[in-house]
Amino acid sequence: MPLVTTTEMFKKAYEGGYAIGAFNVNNMETIQAIVEAAEECSSPVILQVSAGARKYANPVYLRHLVAAAVETTHIPVAMHLDHGADFEICKDSIENGFTSVMIDASSKPWEENIKTTREVVEYAHARGVVVEAELGKLAGIEDDVKVASKDALFTSPDEVQEFTERTGIDSLAIAIGTSHGAYKFKPGQDPKLRIDILEEIGRRLPGFPIVLHGASSVPQDKVAIVNQFGGDMPNAIGIPESELKKAVKLAVCKVNIDSDLRVAFTAAVRKHLAENPSHFDPRQYLTDARASMKEMVKHKICDVLGSANKA
Ligand code: G3H
Ligand code: 13P
Ligand code: ZN
């Protein structure tokens, strides 16, 4: 099946009370793990590419790896630009076959966010590509955008209607307590999302797909393996899966996950090399890393997001 946009995926997800996983891709093993997992769960999936991924892997490699994945699967796959910083990178991605782009001007003043987003929407829609934008600020690291926790700003429900109407976007990323990376909450903090804000946004934008960034749960069993085999990730805390399950029953149709795949990958590599110190063929430990990421994606799809059998 060729690459698709997220329009149909989100419509069904909204109506069905589930969400599509948007997983960050940086290399072949990650792409294979995600697509094989989604295929086995018969779930639609979004593969997303960040600025960090482009810098690491070269966008041409990523594009062709995604094309290879699509050629070998039957499920609907969307290729999405994650945190597009400006019009130019969105345009470049659209020209290179992305079916969905995010323009992230959320750190810019209100009018500038609207203007830049509107420009991207006009360019993208004329070419059959859909657009995600963001309102509010997430704590943590968004590629080059660093937002101190104290400046974390929840999305104001009062702004969402005007923003979506004036920009014409297809989905909206909001800040309700998620954040990027593996350290989302401090020990002792109550790791809760502002479901009340999500509910209010849902009332203001009936039928409109909402996106959650920074939604990794940082499973403690994987963190324990990292720490057991020489790693040092004290106090890595993510979003409880029980909170995500509430969100996907509401307006959230896309859930962004990157850190969980990183932790799954690293736990497997550390364990493999600790248990097999003589191994030096990367295929040996990357086989375990790929299997660990695949297991993680299946868990997300089947047990958290609810998109299994929706392909
Ligand atoms: O939103 C951030 C993603 O996790 C991508 O991170 O820029 O390190 O690839 P990255
Ligand atoms: P995590 O760091 O929680 O995996 O979030 C990833 C993300 O939001 C990518 O845009
Ligand atoms: Zn993000």
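What you are looking at is a predicted structure, and each value in this text was computed from that prediction instead of being measured.

As for the coordination of the zinc ion (ligand 3)
Four donors placed tetrahedrally about a metal ideally form angles of 109.5 degrees, and six donors placed octahedrally ideally form angles of 90 or 180 degrees. Taken together, H83 (NE2), H180 (NE2) and H213 (ND1) make up the protein donors of the zinc ion (ligand 3), found 2.0 to 2.1 Å from the metal. For the zinc ion (ligand 3), the single-chain donor residues occur in sequence as H-x96-H-x32-H. Of the two residues, H83 sits in strand 3 (residues 77-84) while H213 sits in the loop between strand 9 (210-212) and helix 9 (220-228), which places them 130 residues apart along the sequence. We classify H83 as buried; its relative accessible area is 9%. Given the relative accessible area of 1%, H213 is considered buried.

Structural notes on the pairing of strand 1 (residues 20-24)
Burial analysis of strand 1 places five of its five residues in the buried class, the great majority of the element. The alternating pattern of strand 1 places I20, A22 and N24 and G21 and F23 on opposite faces, both of which are buried. Sheet topology note: the strand 1/strand 10 (residues 252-257) ladder contains four bridges and is parallel. Counted as the bridge partner of F23 is I257 from strand 10. Where strand 1 meets strand 2 (residues 45-49), three bridges bridge the pair, whose relative direction is parallel. Bridging across to strand 2, N24 finds its partner in Q48. In this view, the connection linking strand 1 to its parallel neighbour strand 2 by way of helix 2 (residues 28-41) has right-handed handedness.

What about the site of ligand 2?
As a structural note, the neighbourhood of ligand 2 is formed by 16 residues, with D82, K184, S216, D258 and S259 the closest of them. Between an oxygen atom of ligand 2 and a main-chain N or O atom of D258, the distance comes to 2.6 Å. Against a free-state accessible area of 310 Å², the protein chains account for coverage of 96% of ligand 2. Breaking the shell around ligand 2 down by element, the ones donating at least two residues are strand 3 and strand 10. The residue makeup of the shell around ligand 2, split by class, is two nonpolar, eleven polar and three charged.

Section: the nonpolar core
Counting residues in each nonpolar core, the largest one holds 72 residues, and the members touching the most others are V101, L172, L198 and I210. When residues of this core are assigned to their parent elements, the largest contribution, seven residues, is made by helix 2. Counting residues in each nonpolar core, the second largest holds nine residues, with M9, F10, Y18 and A22 among its members.

As for the pattern of salt bridges
Scanning all chains against the criterion turns up 22 salt bridges. The partner of E40 in a salt bridge is K298, and the shortest N-O contact between them spans 2.6 Å. Taken as a pair, E40 in helix 2 and K298 in helix 12 (residues 282-305) lie far apart in primary sequence, 258 residues in all. Overall, the relative accessible area of 28% leaves K298 in the partly exposed class.

A look at the confidence of the model for the protein
The pLDDT averaged across the protein works out to 95; a share of 95% of its residues lies at or above 70. This model gives residues 141-145 a pLDDT under 50, and the stretch forms 13 contacts once residues within four places in sequence are excluded.

Some thoughts on the side chain of N24
Position of N24 among the secondary structure elements: in strand 1. One polar contact links N24 to Q48, side chain to side chain, over a distance of 3.0 Å. Dropping the residues within four chain positions of it, N24 is found in contact with T30, I34, Q48, S50, D82, I257, D258 and L261.

The rules behind these values
Residues numbered from 1 in each chain as written. Chains lettered and ligands numbered in written order. Predicted model: local features only at pLDDT ≥ 70, side-chain atom pairs only at ≥ 80, totals over all residues. Heavy atoms only, no water. Donors = N, O, S within 2.8 Å, 3.2 Å for Na, K, Ca; no water. Helix = DSSP H or I, 4+ residues; strand = E, 2+ residues; numbered from the N terminus. Buried < 20%, exposed > 50% of the residue type's maximum accessible area, 1.4 Å probe, protein only. Pairing = 2+ DSSP bridges. Right-handed = clockwise from strand over helix to strand, strands pointing away. Near = heavy atom within 4 Å. Polar contact = N/O pair within 3.5 Å; in protein donor to acceptor, adjacent residues only side chain to side chain. Areas by Shrake-Rupley, 256 points an atom, 1.4 Å probe, with all protein chains shown as cover. Nonpolar A, V, L, I, M, F, W, Y, C, P; charged D, E, K, R; others polar. Core = buried A, V, L, I, M, F, W, Y, C linked by side-chain atoms within 4.5 Å. Salt bridge = Lys/Arg side-chain N within 4 Å of Asp/Glu carboxyl O. pLDDT = per-residue confidence, 0-100. Contact = heavy atoms within 4.5 Å.

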